[in-house]
Amino acid sequence: MEIPPGLETTKRKVAHSDEHGFSDQVRVPNVIVMVGLPARGKTYISKKLCRYLKWTGFKTKVFNVGEYRRTDANAADAIHGANASFFSPDNADALKVRAESARRAMEDMADYLNSGSGSVAIFDATNTTKDRRSIIIDFCKKKRLRCFFIESVCDDPAIIDSNVTDVKVNSPDYKGLMTAEQAKEDFMNRIENYKRQYEPLEESEHESLSFIKVINAGRSFKVHQVRGHVQSRVVYFLMNIHLLPRSIYLTRHGQSEYNAMGRLGGDSPLTDDGRKYASALADFFEEEEVPGLRVWCSQKVRAAQTAQQLKPDFHTEYWKALDELDAGICEGLTYEDITQRYPKQADDRATDKYHYRYPSGESYEDVVSRLEPVIMELERQANVLVVSHQAVLRCILAYFYDRPLSELPYIDIPLHSLVKLTPRAYHCDSTIYALDLETGEWTETSAQLP
Ligand SMILES: O=c1[nH]cnc2c1c(-c1ccc(Cl)cc1)cn2-c1ccccc1
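Residues numbered from 1 in each chain as written. Predicted model: local features only at pLDDT ≥ 70, side-chain atom pairs only at ≥ 80, totals over all residues. Heavy atoms only, no water.

Undergrad: For the overall build of the chain, give the residues involved together with the corresponding values.
TA: Along the chain, the regular secondary structure elements total 15 helices and 13 strands. Its C-alpha radius of gyration of 25 Å places the chain within 12% of the 22 Å reference for a compact globule of 450 residues. Over its C-alpha atoms, taken along the principal directions, the chain stretches across nearly 75 × 55 × 40 Å. When each of the 450 residues of the chain is scored for burial, the buried share is 53%. For the chain, restricting intrachain contacts to residue pairs at least 6 apart in sequence, the fraction spanning at least 24 positions comes to 68%. Summing over all exposed atoms, the chain offers an accessible surface of approximately 21,200 Å²; the carbon and sulfur share of this is 51%. Here the chain contributes 58 positively and 66 negatively charged side chains, and the mean placements of these two sets differ by 5 Å. (Helix = DSSP H or I, 4+ residues; strand = E, 2+ residues; numbered from the N terminus. Rg over C-alpha atoms; globule rule 2.2 N^0.38 Å. Buried < 20%, exposed > 50% of the residue type's maximum accessible area, 1.4 Å probe, protein only. Contact = heavy atoms within 4.5 Å. Areas by Shrake-Rupley, 256 points an atom, 1.4 Å probe, with all protein chains shown as cover. Lys, Arg positive; Asp, Glu negative; His and termini not counted. Charge placed at Lys NZ, Arg CZ, Asp CG, Glu CD.)

Here is the structure:
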């Protein structure tokens, strides 16, 4: 059966325009340049920003100069690559190795952007001198790349200490070479070496400087000459993230009548088994005692019936953005119906499940777009339980797990299971609680997903 005209799936190229209305039909590649002393969260920002930009559809890659240096230093002299004296401004040999590592990283970054495979590169290094930054600005001008600086300024000892403890002590620079205490002391000496030559970003240092200064992990900001779509998204993201420890719980609704019949979508109520799950979920959160837990639920009956079993009156919000992917003309059908009635649709979907859009319905890419405000609000919040649907949770998990978008539609989320995510510095701890409906027992499996 042919699809009625105008209902075929289409892929439109949308031109973005910057704040002055200049539409950059041909998107100018962006370089995001980190600035800051060691232990100011530059790699934390780089990785988190890279994950967010990739999830929203920008091909993004981090170029970490430390990783380049470690390969060069291994060639030169492994010991030098590790300890504080390597970073002394008086160590001429080391300065050469460090400058060479930065140059190779910059060349690779330009290749990545100019080869068309990438649209954003994040240059993760200290870049603490005006000289170093003017080299980068000139390099970007020569390569026709837009340049945006993110400087992390932090003088809060508690935040710096948590950084050194969480990530520096386990750094490859120290692995197996010294104890945690020695590593911490050495790292504090490395910071002193950098302080001797640190020149904070200044508006006057270059006429076309665009930057954001993040002060004390986002307690305050200074923003200067933001240009274009990507830079404004970056500023917006940095103003919404925080370091406070918390957990995000994700669950699908309990089994619905349509689930039991193998039918797609719809708005059917829970089955008895679905109600059993909802009641077990309520018991779980009575025992778990999560401080200040907020519940976000879709506006589908099966999800609302699941959330409404939660005993104490949690603060529950209903988001349309959390509704299941709309299967359009396939709503209410079984997969067998679809292969029989719309064989071409079934093939198209199997070929590219992320971009495939149901006629009169949505694609996974459409669901990611409507979930962006949910992700941003999740970044702002503390403990949240999300009661939603398979396709939606695949999109949310792909964000926290940093999964490629092509793999997103295949992330496994069984019914009657609860995922607990605890974001860490560079990864996400996750625990999956699966309910056995017969025994009422939860079985717990933990994983540290990249
Ligand atoms: O400003 C810092 N100074 C020292 N450390 C820091 C930060 C930030 C941070 C920076 C900017 C923003 Cl918008 C949010 C957090 C994160 N971290 C961090 C802490 C522990 C482990 C890994 C990273």
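Picking up after the structure, the text goes on.
Undergrad: An account of the site of the ligand is requested, with residue identities and associated values reported.
TA: The environment of the ligand is formed by 17 residues, the closest being A39, R40, S152, N163 and A217. A distance of 3.4 Å is found between a nitrogen atom of the ligand and a backbone nitrogen or oxygen belonging to R40. A distance of 3.3 Å separates an oxygen atom of the ligand from a polar side-chain atom of S152. When residues of the shell around the ligand are traced back to their parent elements, those giving at least two are α1 (42–55) and α6 (157–168). Per-element accounting of the shell around the ligand gives the leading share, 4 residues, to α6. Here the residues of the shell around the ligand sort into 11 nonpolar, 4 polar and 2 charged. (Near = heavy atom within 4 Å. Polar contact = N/O pair within 3.5 Å; in protein donor to acceptor, adjacent residues only side chain to side chain. Nonpolar A, V, L, I, M, F, W, Y, C, P; charged D, E, K, R; others polar.)

Undergrad: Let's hear about the packing of aromatic side chains: which residues, and what values?
TA: This model, assessed by the stated rule, comprises 14 aromatic pairs. Centre to centre, the rings of Y52 and F237 are 4.4 Å apart; their planes meet at 15 degrees, and the pair counts as stacked. Residue Y52 is found in helix α1, and its partner F237 is found in helix α8 (residues 228–238); the two are separated by 185 residues along the sequence. Under the relative-accessibility criterion, F237 is labelled buried at 1%. (Phe/Tyr/Trp six-rings, centres within 6.5 Å; stacked < 30°, edge-to-face > 60°.)

Undergrad: Outline the confidence of the model for the chain, supporting the account with residue identities and numerical values.
TA: Chain-level pLDDT for the chain is 91 on average; 91% of the residues reach the 70-or-more range. For the stretch residues 17–23, pLDDT sits under 50, and the model shows 9 contacts to residues farther than four places along the chain or on other chains. Two summary scores accompany this predicted model of the complex, namely pTM at 0.92 and ipTM at 0.99. (pLDDT = per-residue confidence, 0-100.)

Undergrad: Talk me through the sheet that holds strand β2 (residues 60–64); I want residue IDs and the actual numbers.
TA: Strand pairs in the sheet, formed through backbone hydrogen bonds, run parallel or antiparallel to each other. One open sheet accounts for 6 strands, arranged β2-β3-β1-β4-β5-β6; its pairing is mixed. The sheet is open, and its two edges are formed by β2 and β6 (220–224), each paired on a single side. Neighbour-to-neighbour, the strand axes of the sheet open up by a mean angle of 15 degrees, direction not taken into account. Pairing between strand β1 (residues 30–35) and strand β4 (residues 146–153): 6 bridges, direction parallel. Bridge pairing in β4 places I32 opposite F148. Helix-sheet contacts for α1 involve β1, β2, β3 (120–124) and β4, and the interaxial angle to β2 is about 165 degrees. (Pairing = 2+ DSSP bridges. Axes fitted to C-alpha atoms, helices over the stretch in contact; angles between N-to-C directions.)

Undergrad: Could you give an account of the pairing of strand β5 (residues 211–215), with specific residues and numbers?
TA: A regular strand places its side chains on the two faces of the sheet in alternate fashion. A large share of β5 lies buried, amounting to 4 of its 5 residues. Here β4 pairs with β5 via 5 bridges, running parallel. Residue pairing across strands places V153 opposite I215, the latter belonging to β5. Inspection of the sheet shows β5 paired to β6 by 5 bridges, in the antiparallel sense. By the bridge assignment for β6, I212 is matched with V223. Between β5 and β6, which pair antiparallel in sequence order, lie 4 residues; one of them, N216, sits at a positive phi of approximately 50 degrees.

Undergrad: Got a sec to walk through the packing of helix α4 (residues 92–114) against helix α5 (residues 130–142)? Specific residues and values, please.
TA: Running from N to C, α4 and α5 point in directions that differ by 25 degrees, and their axes come no closer than 12 Å. Here α5 runs roughly parallel to α4, going by the angle between their axes. Judged by the sense of rotation from one axis to the other, the crossing of α4 with α5 is right-handed. Residues A99, A102, M106, E107 and A110 of α4 form the contact with α5, whose participating residues are R132, I135, I136 and F139. Considering only residue class, the contact of α4 with α5 consists of 7 nonpolar, no polar and 2 charged. (Parallel < 35°, antiparallel > 145°, perpendicular 65-115°, else oblique. Left-handed = near helix turned anticlockwise from the far one by under 90°.)

Undergrad: Before we move on, can you summarise the environment of T251 with the specific residues and values?
TA: Structurally, T251 can be placed in strand β7 (residues 248–252). Along the primary structure T251 and V419 are separated by 168 residues, whereas in three dimensions their C-alpha atoms are 6.4 Å apart. The residues contacting T251, other than those within four sequence positions of it, are Y277, L281, L385, V386, V387, S388, L393, S417 and L418. Within the structure, T251 has its side chain in polar contact with the backbone oxygen of S417 (distance 3.2 Å).

Undergrad: Tell me what's going on with unusual backbone geometry, and back it up with residues and numbers.
TA: For A39, which is not glycine, the phi torsion reads 65 degrees and is therefore positive. Considering the arrangement of structural elements, one finds A39 in the loop between β1 and α1.

Undergrad: For the packing of α8 against helix α14 (residues 364–380), give the residues involved together with the corresponding values.
TA: Where α8 meets α14, the closest approach of the two axes is 10 Å, and the angle between their N-to-C directions is 40 degrees. Our classification of the angle between α8 and α14 gives oblique. Residues R233, Y236 and F237 of α8 lie in contact with α14, whose contacting residues are E372, M376 and E379. Taken together, the residues of the contact of α8 with α14 break down into 3 nonpolar, no polar and 3 charged.

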